[in-house]
Structure formats: structure tokens, C-alpha cells
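So the chains spell out like this:
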Amino acid sequence: MGSRYYTLLTAYITSSLGNWLYRLALPLLVLELTGSALSTGAVYAIEYIPFLLLSLPGGVFADRFDRRRLLVAGDVAAAAIATVLAVVVSTGSRELWPIYLAAFLLACVEPVYHPAFQSFLPEIVPENRLGPANSWMQSGDNIMSMIGPAAAGSLVMFLGFETTIYVNAATFVVSAVAILLIRPAAPAAEKAEPRKVHFVEDVKVALRYVFRRNRVMAAGSLMFTGTNLAIWLIQANFLFYLTTYRDMSPRVIGFVLAAQGVGAVIGAAVAGRLVQKYAPGRILITTTALAGVGTLLLIPLRSPVSIGVVWGLLYALGSVNPVAWFTLRQKIVPRELLGRVVATTRMLAFSSIPVAAFLAGALESSFHNMYVIIAIGGLFRLAIAGLAFLSPLRTPVEGVVEDAVAPRPAPAGEQAGP
């Protein structure tokens, strides 16, 4: 895939490590300062807000400005925010607002960074290698999801919050330098003037494209919105289920949760080969159906080993899905629309998560029966797979490319309407 890809992969993994460092360090810092679960939980709530506010603008930025420069700017901004916070912490301040502000600002980088990154990848990787390229990226992300929290916890324990946050800033600097080392595909493009931005119209174009012109994107977006709802009906109550229904100790729960990390890494590792061999849309349908069956298997299982194995399997299937989806999206969406489509579909998929988390708690509080909730989640995933089977997702990539890319942009540089 070439040196440019591996340099980008290095930047991605380093930046991902940086994300995990602040996501664990900041809540721990608030907990140490306040001892309050509510104050600590507020950090997570604050970090979620930017995804709702900035996803669509982030997609517009990715399509209207140089993506490589956006990635560098995002890493530099994150490094600057983390450095300022480290300086504040070093003064011994016990004020919470700088921590909350830093958490919010750091989280603001991600909704802009992700669409630019997803749109930049096809610029440096040949189309026939997008599957393996996304697979390696997903593998790196999953490995960081296991290593990152442990690294953050160890740094806080042995070096303290101030040093941990400085290390956090350094990871973003390394990522920015790595991206700067990536040679642009077309040197002339670096000097091109960015096209004029009309946020409302640009967002409307993306929404019309997803829901009117590209039925594959519409079907996939709705599929992920539904599956996230089904997943989080169980995910939100899973620790409660293991402790209350299965009477597991924290040590045993750690084993079960470790299985999810192993499954995620394995799933991402094989996803690239699957995408090379089978149509991405059909992979999405199959893995969603298998995940529905696996979810239902949780109901009769009692031993930690069996629950851990099935839970790991569900995460393996869940890691195959994004690789197939990213590859499909990168292949059939026009480059000039890719950033906005990434942002639009991602925001739709995330929109069901808070609804599901609230609904999960309400259902358990009302019925006190997690088995019913698990059954609802599993059957819902099977129903979604059935609907997806009847949708355009079954269409091979070659059958949707022509419809997806027409019409082309107007000569004057403004995006043509669908």
C-alpha cells in the first residue's frame, strides 16, 4: 500500500492513543478533585455534545478544504489544548471548569478530524486496496482501545496527571508531524484555493445525496442507526447484567470484557480479506444477522467463559462491519462529497445511542428482566438484517457506482444539485 499509507497509519494509531489518554485521564482527574460520580460523569456528557454539533460542519470542511492540512490542524489544536491544560494542572488549581472546557474542546476536534481522515485515505490508497487499508486502521484502533486505557492508568499512577497530559499533547504532535511527511498526491492541489463554503447548502446537498440519489448509503445509514439502538439496549446494561443476574466479581467481569477486545482485534484482522472477496453490502447484512443470533445466545448462557466467548464473537462481527462500510462508502461516493457523506451517515448512526441508553435503563427499571431486553435486542438485529437484505445493500459495488457518481459537479466549482 506504500509508505504514504503506513505513515498515515502511524499517525492514526498515535492520535488514537492520545484520544484514549485524555478520555481516561480527565475523568480520573475530576474524580480525584471532587469524589463525585456526577461530576465525573459530566466529562463524558460534555465529550458527546460536539458529535451532535459539529459532525455536519466537519463534513463540509473535509470537502471544501485541503484534507491533509485539516488533519494537521486538528492534531496541532489538540496538542495546544492538552498543553494548556497540563500547565493549568501544574499550578495546583482545583477548578473544574478548565478541565470541562478542555474535554469539550478536545472532543470538538474529532468530528472534524474523522471525515477529513476518511476522505483522505482514498487519496493515498488504490481503490482495490481500500479493504485491507481500512482493516489495518480498524485493527490499530481496536488495539489502542485495549492498550490506551491501561497506558493512561499506568501513566497517571506512576507519573501523575500533569505528565500524563503532557504525554497526551506529545502524541498529537507526533501525529501532526507524520501527516506532514505524507507527500500530496498532486502537488498542484496543495496550491488550489479552497472552494467557497455555504454550510446550509452544502449540508442539504449531502442529505439529498444520501437519501435521494444513493439508496445504498441511505440503506446502510438506517441499518447502522437501527443496529446501534439494538446494541446499546444491551451494552448500557451489560455490567449491571453481569453483576446482578450472573453474580460475577469485578475480576471475572474483567475477563469477560477482555474477550471483547480480543474479538474486536480478530474481527478487524480478517475484515480486509473478507472485503476483498465478498461485496461489502452483503458482508454487512450477514454480520448483522449473525450478531442477532449471537445476541440471543446470551440468554441461556450462564458461565463466564461461554458469555465471554459469545461477547467476543459479537465484537468480532462488530469490527468487520465498519471496515466493510468504510470501504463501500469510499468506493461509491464521489470524492467531492465524501467528507459530508461520512459526517452525515456517522451522525445518523450515533443519534440512536443516547436514545437506546435511556430506553435500556427505563426497560430494566420497569420490567426487571434483562432476558427480555436481550431478546428484544437480538430479534431487532435480525429484523434489521432482514430489511437490509431487501434493500439496495445487496447490490454489488459495480452496480451502484454509475448511479452514485452522476451528475458531476458544475464547472463553476459549486456542487450541482441532485
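Definitions and limits used
Residues numbered from 1 in each chain as written. Predicted model: local features only at pLDDT ≥ 70, side-chain atom pairs only at ≥ 80, totals over all residues. Heavy atoms only, no water. Helix = DSSP H or I, 4+ residues; strand = E, 2+ residues; numbered from the N terminus. Buried < 20%, exposed > 50% of the residue type's maximum accessible area, 1.4 Å probe, protein only. Contact = heavy atoms within 4.5 Å. Areas by Shrake-Rupley, 256 points an atom, 1.4 Å probe, with all protein chains shown as cover. Patch = residues over 30% accessible without salt bridge, like charges linked within 9 Å, V, L, I, M, F, W, Y side chains within 5 Å. Salt bridge = Lys/Arg side-chain N within 4 Å of Asp/Glu carboxyl O. Core = buried A, V, L, I, M, F, W, Y, C linked by side-chain atoms within 4.5 Å. Expected span 1.5 Å × (residues − 1). Axes fitted to C-alpha atoms, helices over the stretch in contact; angles between N-to-C directions. Parallel < 35°, antiparallel > 145°, perpendicular 65-115°, else oblique. Left-handed = near helix turned anticlockwise from the far one by under 90°. Nonpolar A, V, L, I, M, F, W, Y, C, P; charged D, E, K, R; others polar. Bend = angle between axes of the 7 residues up to and from the residue. Phe/Tyr/Trp six-rings, centres within 6.5 Å; stacked < 30°, edge-to-face > 60°.

Asks: Please explain the overall build of the chain as it appears in this structure.
Replies: Helix and strand counts for the chain come out as 15 helices and zero strands. Split into buried and exposed, the 418 residues of the chain put 51% on the buried side. Taking the contacts inside the chain whose residues are at least 6 apart along the sequence as the reference set, 88% of them involve residues at least 24 apart. Here the chain displays about 18400 Å² of accessible surface, and carbon together with sulfur accounts for 69% of that area.

Asks: Where do I start with a nonpolar patch on the surface in this structure?
Replies: Residues Ile143, Met146, Ile147, Val262, Ile266 and Val270 make up a contiguous nonpolar surface patch of roughly 480 Å² in combined accessible area. The set of elements that each furnish at least two residues to the nonpolar patch consists of helix H5 (130-180) and helix H10 (250-277). Among the structural elements, isoleucine 147 can be located in helix H5.

Asks: What is the right way to look at the nonpolar core in this model?
Replies: A general tendency of soluble globular proteins is for nonpolar side chains to be buried together. With 49 residues, the main nonpolar core has Leu8, Leu26 and Met137 as its most contacted residues. Contributing elements (two or more residues each) for this core: helix H1 (3-34), helix H2 (37-64), helix H3 (67-90), helix H4 (97-124) and H5. When residues of this core are assigned to their parent elements, the largest contribution, 13 residues, is made by H4. Once you skip the residues sitting within four places of it in the chain, leucine 26 turns out to touch Val43, Leu85, Ile99, Ala103, Leu106 and Ile165. Of all hydrophobic cores here, the second largest spans 29 residues; its members include Tyr209, Ala271, Ile332 and Leu338.

Asks: Help me understand helix H12 (residues 304-332), please; the structure alone is not making it clear to me.
Replies: With 29 residues, H12 extends 42 Å between its outermost C-alpha atoms, agreeing within 8% with the 42 Å of an ideal straight helix rising 1.5 Å per residue. With respect to burial, H12 is a largely interior element, 21 of its 29 residues being buried.

Asks: Where do I start with the packing of helix H8 (residues 215-235) against helix H11 (residues 280-297) in this structure?
Replies: Packed helix pairs are specified by the crossing angle of their axes together with the interaxial distance, meaning the distance between the axes. The interhelical angle for the contact between H8 and H11, taken along N-to-C directions, is 20°, at an axis separation of 12 Å. In terms of their interaxial angle, H8 and H11 are classed as roughly parallel. Crossing of H8 against H11: the hand is left-handed. Residues Met223, Phe224, Thr227 and Ile234 of H8 form the contact with H11, whose participating residues are Leu284, Thr288 and Thr295. Per-class residue counts for the contact of H8 with H11 are four nonpolar, three polar and no charged.

Asks: Sorry, what's going on with the pattern of salt bridges here?
Replies: Side-chain pairs of opposite charge can arise where the charged atoms are in close proximity. The tally for this structure, following the rule as stated, stands at seven salt bridges. The salt bridge involving arginine 64 is made with aspartate 202; its shortest N-O contact spans 2.7 Å. You can see arginine 64 sitting in helix H2 and its partner aspartate 202 sitting in helix H7 (residues 199-213), a full 138 residues away along the chain. The two residues arginine 64 and aspartate 202 agree in class, both being buried.

Asks: Even after reading the chapter, I still don't get H4, so can you show me in this structure?
Replies: Compared with an ideal rise of 1.5 Å per residue, which puts 28 residues at 40 Å, H4 spans 41 Å between its outermost C-alpha atoms and is within 8% of the ideal. At tyrosine 113, H4 shows its maximal bend, which comes to roughly 30°, and the proline proline 115 appears one to four places after that position. Burial analysis of H4 places 23 of its 28 residues in the buried class, which makes it a mostly covered element.

Asks: I tried to follow the environment of glycine 261 on my own but got confused; where do I start?
Replies: Looking at the element boundaries, glycine 261 is found in helix H10. Look at glycine 261 and you get buried, because its relative accessible area is 9%. Considered as a pair, glycine 261 and glycine 312 are 51 residues apart in the sequence and their alpha carbons are 7.1 Å apart.

Asks: Can you help me understand the environment of glycine 74 in this one?
Replies: By the secondary structure assignment, glycine 74 is in helix H3. Classification of glycine 74 by relative accessible area gives buried; the value is 11%. Placed 102 residues apart in sequence, glycine 74 and alanine 176 show a C-alpha to C-alpha distance of 8.2 Å. Residues within four places of glycine 74 in sequence aside, it is in contact with Val109 and Tyr113.

Asks: Explain the environment of phenylalanine 117 to me, please; I cannot follow it from the model alone.
Replies: Tracing the backbone shows phenylalanine 117 in helix H4. What makes phenylalanine 117 buried here is its relative accessible area of 3%. With residues up to four places along the chain from it excluded, the contact list for phenylalanine 117 reads Leu8, Tyr12, Leu71 and Met137.

Asks: What should I look at first to understand the packing of aromatic side chains in this one?
Replies: Each aromatic ring pair is described using two quantities: the centre-to-centre distance and the angle formed by the ring planes. Applying the stated rule across the entire model yields 12 aromatic pairs. Taken together, a centroid distance of 5.8 Å and an interplanar angle of 45° make the contact between phenylalanine 61 and phenylalanine 65 tilted. According to the relative accessible area criterion, phenylalanine 61 is partly exposed, its value standing at 27%. Under the relative-accessibility criterion, phenylalanine 65 is labelled partly exposed at 31%. Ring geometry for tyrosine 245 against tyrosine 371: centres 5.6 Å apart, planes inclined by 90°, an arrangement best described as edge-to-face.

Asks: Is there a simple way to explain the packing of H1 against H5 in this structure?
Replies: The N-to-C vectors of H1 and H5 enclose an angle of 40°; their axes lie 5 Å apart at closest approach. In this view, H1 runs oblique relative to H5, as classed from their interaxial angle. The class makeup of the residues in the contact of H1 with H5 is 32 nonpolar, 14 polar and two charged.

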